[in-house]
Structures are given as structure tokens and as C-alpha cells.
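Survey of secondary and tertiary structure
Spelled out from the first residue to the last, the chains are:
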Amino acid sequence: MRVPRPRSLAGQLFAMQVVLVAAVVAGCAIFSYVTGRSQAEESARRQATAAATAVADSPTVAEAVRSPDPTARLQPYAEQVRRDTGVAFVTIMNTRGIRWTHPDPARIGETFLGNTGPALHGQIFDETYTGTLGASVRVVAPVRDAQAGGKITALVSAGITVDTISAQVRRQMLALLVVAFAALSLGGIGTYVINARLRRHTHGMNAAELSRMHDYHQAALHAVREGLLMLDGRRRIALINDAGRELLGLSGNPVGRYVSGLGLPPPLTGALLSAEPRVDELHLTAERVVVVNTSPVSSGEQRGTVVTLRDHTELQALSGELDSVRGITEALRSQAHEAANRLHTVVSLIELGRAEEAVDFATAELELAQALTDQVVGAVAEPVLAALLLGKAAQANERGVELVLAPDSRIDDGLLPPALPARDLVTILGNLIDNATDAAAEGAGRGAARSARVTVTARAIADELTLRVSDTGPGLDPATAEAAFGRGWSTKSPGRGLGLALVRQAARRNGGTVEVSRAVDGGAEFTVHLPLAESRAEPELVPVPVPVPRLEPGPDPGPGPGLEPAPGPQPDPDPGPQPDPVPHLEPAPRDEPAPRDETAPREETAR
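None of these values were measured; they are calculated from a predicted model.

The rules behind these values
Within every chain, residues take consecutive numbers counted from 1 along the sequence as written. Since the coordinates come from a predicted model, pLDDT governs what is reported: local features require at least 70, and pairs of side-chain atoms require 80 or more to be given and counted, while whole-chain, interface and lining totals use all residues. Excluded from the side-chain calculations are hydrogens and water; all other atoms, namely the structure's heavy atoms, are used. Partly exposed describes any residue whose relative accessible area lies between the buried limit of under 20% and the exposed limit of over 50%, with all areas from a 1.4 Å probe on protein chains only and scaled to the type maximum. Labels follow the DSSP assignment, with helices taken as runs of H or I lasting at least four residues and strands as runs of E lasting at least two, numbered in each case from the N terminus. Definition used in this section: a nonpolar core is a set of buried Ala, Val, Leu, Ile, Met, Phe, Trp, Tyr and Cys residues joined via side-chain atoms within 4.5 Å. Residues are treated as being in contact if the distance between any of their heavy atoms lies within 4.5 Å. Patches were defined on residues exceeding 30% relative accessible area and lacking a salt bridge, with like-charge contacts within 9 Å and nonpolar side-chain contacts (Val, Leu, Ile, Met, Phe, Trp, Tyr) within 5 Å. Computed with a 1.4 Å probe, the accessible areas rest on the Shrake-Rupley method; for each residue, only the protein chains presented here act as cover. A pairing counts as a salt bridge when a side-chain nitrogen of Lys or Arg comes within 4 Å of a carboxyl oxygen of Asp or Glu. Any helix carries an expected span of 1.5 Å times its number of residues minus one. For this analysis, a polar contact is any N or O atom pair within 3.5 Å, provided that within protein one partner can donate a hydrogen and the other can accept it, and provided that sequence-adjacent residues contribute only side-chain to side-chain pairs. pLDDT gives the predictor's per-residue confidence on a scale running from 0 to 100. At least two DSSP bridges between two strands are required for those strands to pair. Axis lines are fitted to C-alpha atoms, over the contacting stretch for helices. Their N-to-C directions set the angle, which ranges from 0 to 180 degrees. Throughout this description, any angle smaller than 35 degrees is read as roughly parallel, any larger than 145 degrees as roughly antiparallel, any in the 65 to 115 degree range as roughly perpendicular, and the remainder as oblique. Two helices that cross are described as forming a left-handed crossing if the nearer one is turned anticlockwise from the farther one by less than a right angle, and a right-handed crossing if clockwise. Throughout this entry, Asp, Glu, Lys and Arg are counted as charged residues, while Ala, Val, Leu, Ile, Met, Phe, Trp, Tyr, Cys and Pro are counted as nonpolar. The remaining residues, Gly among them, count as polar.

Brief notes about helix α13 (residues 499-509)
With nine of its eleven residues buried, α13 lies for the most part within the structure. Turning to α13, its buried residues are Gly499, Leu500, Ala501, Leu502, Val503, Arg504, Gln505, Ala506 and Ala507. Just downstream of α13, Gly511 is the residue with a positive phi angle, here 75 degrees.

With respect to the nonpolar core
With 43 residues, the main nonpolar core has Leu429, Val456, Leu465 and Val528 as its most contacted residues. Elements with a contribution of two residues or more to this core: α10 (355-379), α11 (383-398), β10 (402-405), α12 (422-445), β11 (453-461), β12 (464-471), α13 and β14 (524-531). Once residues within four sequence positions are removed from consideration, Val456 is found in contact with Leu389, Leu403, Val404, Leu405, Ala406, Ser409, Leu429, Ile433, Arg468 and Val469. Formed by 28 residues, the second largest nonpolar core is a distinct cluster that contains Val65, Leu74, Ala141 and Val156.

Comments concerning a nonpolar patch on the surface
On the surface, a cluster of nonpolar side chains totalling about 290 Å² of accessible area is made up of Ile30, Tyr33 and Val34. Mapped onto the secondary structure, Ile30 falls in helix α1 (residues 9-56).

Quick word on α11
The end-to-end C-alpha distance of α11, which contains 16 residues, comes to 23 Å, matching closely the 22 Å that a straight helix rising 1.5 Å per residue would cover. If you check which residues of α11 are buried, you get Leu385, Ala386, Leu388, Leu389, Leu390, Gly391, Lys392, Ala393, Ala394 and Ala396. Within two residues after α11, Gly400 carries a phi angle of roughly 80 degrees, on the positive side.

Description of the side chain of Thr101
Within the fold, Thr101 resides in the loop between β1 (89-93) and α4 (117-120). A polar contact of 3.2 Å, which involves the side chain of Thr101, links it to the backbone oxygen of Val90. A polar contact is formed between the side chain of Thr101 and the backbone nitrogen of Ile92, at a distance of 2.7 Å.

Concerning the confidence of the model for the protein chain
Averaged over every residue, the pLDDT of the protein chain is 75; the share at 70 or more is 77%. Within the protein chain, the element-level pLDDT minimum falls on α10, averaging 74, and the maximum on β1, averaging 91.

Concerning the sheet that holds β12
Strand order in the open sheet formed by five strands is β10-β11-β12-β14-β13, with mixed pairing between adjacent strands. The sheet is open, and its two borders are formed by β10 and β13 (513-518), each paired with just one other strand. Averaged over all neighbouring strand pairs, the angle between strand axes comes to 15 degrees, with direction disregarded.

Observations regarding the pattern of salt bridges
Throughout the structure, instances matching the rule amount to 17 salt bridges. Notably, a salt bridge pairs Arg82 with Glu79, separated by 2.8 Å at the nearest N-O pair. With Arg82 and Glu79 both in helix α3 (residues 70-85) and three residues apart, the pair spans about one turn of that helix. For Arg82, a relative accessible area of 22% gives the class partly exposed. Using a relative accessible area of 11% as the deciding quantity, one classes Glu79 as buried. Arg245 is the salt-bridge partner of Asp242, the closest N and O atoms lying 2.4 Å from each other. Of this pair, Asp242 and Arg245 both sit in helix α7 (residues 242-248), three residues apart, roughly one helical turn.

Considering the packing of helix α2 (residues 59-66) against α3
Interaxial distance between α2 and α3 falls to 8 Å at its minimum, and their mutual angle equals 155 degrees. The angle between α2 and α3 places the two elements in the roughly antiparallel class. The way α2 lies across α3 gives a crossing that is left-handed. Between α2 and α3, the contacting residues are Val61, Glu63, Ala64 and Val65 on the first element and Pro70, Arg73, Leu74 and Tyr77 on the second. Of the residues in the contact of α2 with α3, the class split is six nonpolar, no polar and two charged.

Below, the structure written as C-alpha cells:
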């Protein structure tokens, strides 16, 4: 059996509004009927009072009462007054209640039906009583004879029948019903029009569906990692999720605030206020690089804008790491090619019977290749930075640029706090070295007399980490030094110019600063200062032997991070045939030199 779908919200509101309008109109009609009848009775009472008191105060009536035949003079007078005033009857009677006048002449001489007691005491009173003409609202007034000293000599009763009053009320109700029906019709039509529009806006959904959609909307809004905000037609924030507040650096609840008053950079503010759609535009905030997409929402008229934000800082960091891995891969490929050439040379020398020259050639090449590795690993024990420097050195060497590590560089293993992400260090140092390599290669390509060189300083002293990169390129104009950190600024091809912006963003995220000056060699020098918030005092630890993984052939056979190479006698330059498997090195506490197996091959040969 098919379960009927609940009525839509617009349909429910329509039914409720129709019932409400009908109830209001019916209530107004009943109230108008009750008040109209009351007012009609009150109007009839005043009309009868006026007629009765007018007849009672007439000298003609008092004079006719004294005549031998009052009926002959009073009957025509009473009928004239009745017709002129519009009342149902005017009855003049003596103090005993015997009628002298009546609309029906046959009733003359009969006793008046009704109360006369208060009138005999000089009061004018009204009552509703059923007489010969039916129920009526009547007024009884005394007739005083001035010649008899104000004595009450007769009574006058004037009244309007209830049927006459009801007929008047019915005529009023007919007009009231017409007005009520018109009001109900207009209310129904207006309600239908409003609910038809509401049905279009709610897409025919009922209250439960709207409530469920709202719950899903809220859950999805705060679950997505991309920033989302919606602007109304006046360019105020109508909706924003948590990621949007974080990416824009907004605190509190910005809903209802104008975009121009958020304190965002002018280019980003212009993109948000633009009436044209923006697709994958890069913009800078105080601490991030964001990708902005805007889509105006319109249907015949401007209604607002939907904006999505993505954190390009993380994307760029991942791209930088990928570039580093790609560069190291290329360097390894190049070194493998060079190693093959050297190996062929050594083999050829041995085949020519010049073994000593072959040994000297191989040893010299190994010592030259190991020199930079030993220098980097010995000075920078942080594995991420060490690997980055070795990879960048190989890349720079392929471009004819010498990468030099400053003698005062020193970063011990474990000195950097966990709060300082390795990704940010790669972003900072990698971009600075890439820019410096490009500048140095450009300076050498322009025929500069000095050699192309990039000098890197990585030093952690006290509570501060200093990263400094200088080059021998053409340098940076002081007038454009600040602009160099803006989005899109580059001396190279269009579409670049994010490296220095990312450097500043990463430094600011970690509470650091970036400085630019002229290097001693004439190029540009960038210095980054990063605070080391946590104390790095090393607790006393009991050395525990840890198995060292098997060494595989690779470009960096130096000691691993945090492992000091044990001193020992160097083997003979000609170690003879090398075994295929490399024996495991037994670890030893750092305070004591590790014993070295004299028969084991040198680490250089593992390369």
C-alpha cells in the first residue's frame, strides 16, 4: 500500500491561512451581528423615547385629556405622530390604563398591556413587552397638566416592534455578509498567490523535508574542508563555514558584515565584490595563499555570490616537495650516468694494466663526492633539511651553480620543536634556494666574471632558527623588495611569482620574519628568523642499542640523523673485492666510540 506523501509546507500554510481567514471573517460577522442588533435596539429605544416624551409634553394632549371625549381629539394626533416619527404605535391612556388611542381603532377602550407603575410615579422608563402588536421595545412617559399643578393626568406609550428591529438587522447583515464574502475571497486569493510563490521557493517540500535538508545542509557546511561563503545582494556575508573563517583569518561571527569591512587585502576584496565570475584566482591573506572561485547567483536580478576558497599553501607545499623529489631523482639519474662513465674509466685502466692509477682515480672521485655529503650531514643533523640541501646541491651543480654551506651552519638533531612543521622548512628553504639558483645562473649567463654560487646558512642558536640564502646574481632593487613578496611578482616567465609569497606565509604562520638585503657578493640575500618556542634541553638518557637498518646503495651513504660515525682507522685505499651484502653496523652509545671492523668495507664503497 502506497503511503501518501505529506502535504507540502506551502499547502499546509494555505489550508491554515484559509481556515484562519474564514474564522476571522466569521468572528467579525457574528460580532457585527450582535453589536448591530444591540445598536438597533438602542436606536429604537431612543426613537420611542423621543416620540413618547414629545407627545407627553405637548399642551394639546393635556388640553384634550380635559375634554369630554379625549379619543376624538387624540386619535388623529397620535396617528400623525406615529407616521412622522416612524414608530410602530403611539398609545395615549388614562392613569388606569384605558386606551384613548391605538393604531387599531378596535383596541381603543381596552386596557393597556404592559407596565405603567413607574410612569405613574413620574418616571420615563422603557421595557420590552409583548402587546397586541407583538413583542416591542416601548417607552412609557407621564402627561402632566400645568393647569392642575403638574398633576399626572394621562400616560403616553410609544414603541417599535421587535420584528421591525430584526428586519433592520437582517438588512445590515446582508450587507455584512457580502463584505465578509468579499473579504474571504480576497484573503483566499491572496493566500493562494503567496503560497504559490512559497511553493516555488520551497520546491514543493513539506516541513519535515525542509528540516531534514537544513540539518544536512549544516552538517555538510561544517564538514567540508574548503572554505565556503555566500554574499547577499548588498555584498554582506550571509553564510560562512568554519574553513572559510579560518582561511580568511576572521574571528567571531562575521555574518551580516560587509566584505569591504573585513580588513582583507584589496585584491582579495575586489575579487569577492566582483560581479563577474572568478575561476581559480590566487590571492594572499595575512597568513595563507588561497584559490578563489566566485559564481554570481542571479535569476533576472542580482541576488548574491557564492565563493569557494581552497588553501593553496598546502598545495604549493606539496608541489614543492614533489619538485624536490623530482629534482633529487634527476640528480640521481645524472649521478648514475656519471658513475657509469667513471666505472668504465676504472675498468679500462685495469684492463690496460694500470691498476694503481685506477685506484687513485676511483678514490679521488669518491672523496670528492663524499665531501659535500659529510659537510652537510655533519652540520645539519635534521634529516629533512639535510636531504633537501643535498638534492638542491645536485640540481645546482647540473646548472653550473655551486651550492656552498656556510661554515657557521649548525642544526643538531632534535633541536627543532614539533610545532615547527618540516613542510614549512622545506617551503622556506627550498623556494629561497631555487630563486637564488635561478638568479646565480642568470648572472653567470650574462657574462659575469664571478662564478655562480649560492651560499646557504642554517643555524639554530638559543631560541631562534636562522636560515640565510645569498647568491651571486644581479641582486634585487630595494624599491621592489617589498613587492617581491606579493602574488605574481617575478622576474621570470608569467604565471610564476608564488615562491617568495609562500616563504613569507610560512614564516608568519610560525611567528617568524623575512628580511632581504644585498649580499656581499653583490646578489640578493634573504634571511628568515623563526622562533624556537620550546626548550630544547636534552634529558639524560641511558643509551640503548638500536639495530641499524641494512645500508643500501644510494647517493647519500653518510651517517643517519642523530648517529655520530665512530672513529677508527681508515682501511687501505685498495680494499680489494667487495662482498655483495653489506654487514650490519653494531650501534654504540654516543659517549663512546664504536668499534670498527677492519675487515668491513668503507661506507664510501657502499655508494
